[in-house]
Amino acid sequence: METFTFDQLPQAMRLLHEKMDRLELLLARQHSPQDAETIFNVTQAAAFLHLSVSTLYVKVCRREVPYNKQGKRLYFYKSELDEWVRKGRKKTVSEIQEEAGQ
C-alpha cells in the first residue's frame, strides 16, 4: 500500500473519486434497464399479448390478467404476463393419455 504525504492528499483524493466513478458506471451497466424488469403500459401490453386495447381493458375489469394500478394508470410486468400466458396452456391429447396411463 502506497503512503501519501500531506501535499499529495488532494491528488490522491481526486484519483480515488475517479476510480469510484468508474466503479459506479460499471455497476450501472451491469444493472442496466435491459436487465431490469420490463414494465408495459396498456398499449404495449396489448401489443405484447396480440390483443386490442379494449379487449385488454375488459380482461382487467374481469381481473383475468395481472396488472398494477398507480393512480389512473395501468401497468403490466412482462414477467407476469408471460406467466399468465403459460398458465393458460392446455395439455395435448398425448399428455392427457400419458397421465391417465400412470
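Residues numbered from 1 in each chain as written. Predicted model: local features only at pLDDT ≥ 70, side-chain atom pairs only at ≥ 80, totals over all residues. Heavy atoms only, no water.

- Under an unreviewed UniProt entry, the protein chain has the name Helix-turn-helix domain-containing protein and belongs to Pontibacter aquaedesilientis.

With respect to the overall build of the protein chain
Okay, step 1: Looking only at helices and strands, one finds five helices and three strands in the protein chain.
Okay, step 2: Counting from the amino terminus, helix and strand elements in the protein chain follow one another as α-β-α-α-β-β-α-α.
Okay, step 3: The C-alpha atoms of the protein chain give 26 Å as radius of gyration, which overshoots the globular expectation for 102 residues (13 Å, by more than 25%).
Okay, step 4: Taken along the three principal axes of its C-alpha coordinates, the protein chain extends 80 × 45 × 20 Å.
Okay, step 5: Across the protein chain, contacts joining residues at least 24 apart in sequence account for 42% of those joining residues at least 6 apart. (Helix = DSSP H or I, 4+ residues; strand = E, 2+ residues; numbered from the N terminus. Rg over C-alpha atoms; globule rule 2.2 N^0.38 Å. Contact = heavy atoms within 4.5 Å.)

Focus on the sheet that holds strand β2 (residues 68-70)
Okay, step 1: Across the sheet, three strands lie side by side as β1-β3-β2; this open sheet has antiparallel pairing. The open sheet terminates on both sides in strands that have one partner only, identified here as β1 (39-40) and β2.
Okay, step 2: Here β1 pairs with strand β3 (residues 73-77) via two bridges, running antiparallel. Looking across to β3, one finds that Phe 40 is bridged to Phe 76.
Okay, step 3: Contacts between helix α4 (residues 78-87) and the sheet are confined to β1, β2 and β3, with β3 contributing the most and set at about 70° to the helix. (Pairing = 2+ DSSP bridges. Axes fitted to C-alpha atoms, helices over the stretch in contact; angles between N-to-C directions.)

Re unusual backbone geometry
Okay, step 1: A positive phi angle, near 60°, is found at His 50, a position not held by glycine.
Okay, step 2: Among the residues examined, His 50 registers a relative accessible area of 73% and is labelled exposed.
Okay, step 3: In this structure, Arg 63 takes a positive phi of about 55° despite not being glycine.
Okay, step 4: Positionally, Arg 63 belongs in the loop between α3 (53-61) and β2. (Buried < 20%, exposed > 50% of the residue type's maximum accessible area, 1.4 Å probe, protein only.)

Notes on the environment of Gly 101
Okay, step 1: Among the secondary structure elements, Gly 101 is positioned in helix α5 (residues 93-101).
Okay, step 2: For Gly 101, a relative accessible area of 69% corresponds to the exposed category.
Okay, step 3: Between the C-alpha atom of Gly 101 and that of Leu 23, which follows or precedes it by 78 residues, the distance is 58 Å.

Concerning the environment of Ala 45
Okay, step 1: Of note, Ala 45 is situated in helix α2 (residues 42-49).
Okay, step 2: On the accessibility criterion, Ala 45 (0% relative accessible area) is buried.
Okay, step 3: Sequence separation between Ala 45 and Leu 81 is 36 residues, and the spatial gap between their C-alpha atoms is 8.2 Å.
Okay, step 4: Apart from residues lying up to four places away in sequence, Ala 45 is in contact with Phe 40, Leu 56, Phe 76 and Leu 81.

Structural notes on the pairing of β3
Okay, step 1: What you see with β3 is a clean split: Leu 74 and Phe 76 sit on the buried side and Arg 73, Tyr 75 and Tyr 77 on the side with no burial.
Okay, step 2: As judged from the three bridges shared by β2 and β3, these two strands associate in the antiparallel manner. Opposite Asn 68, over in β3, you have Tyr 75 as the bridge partner.

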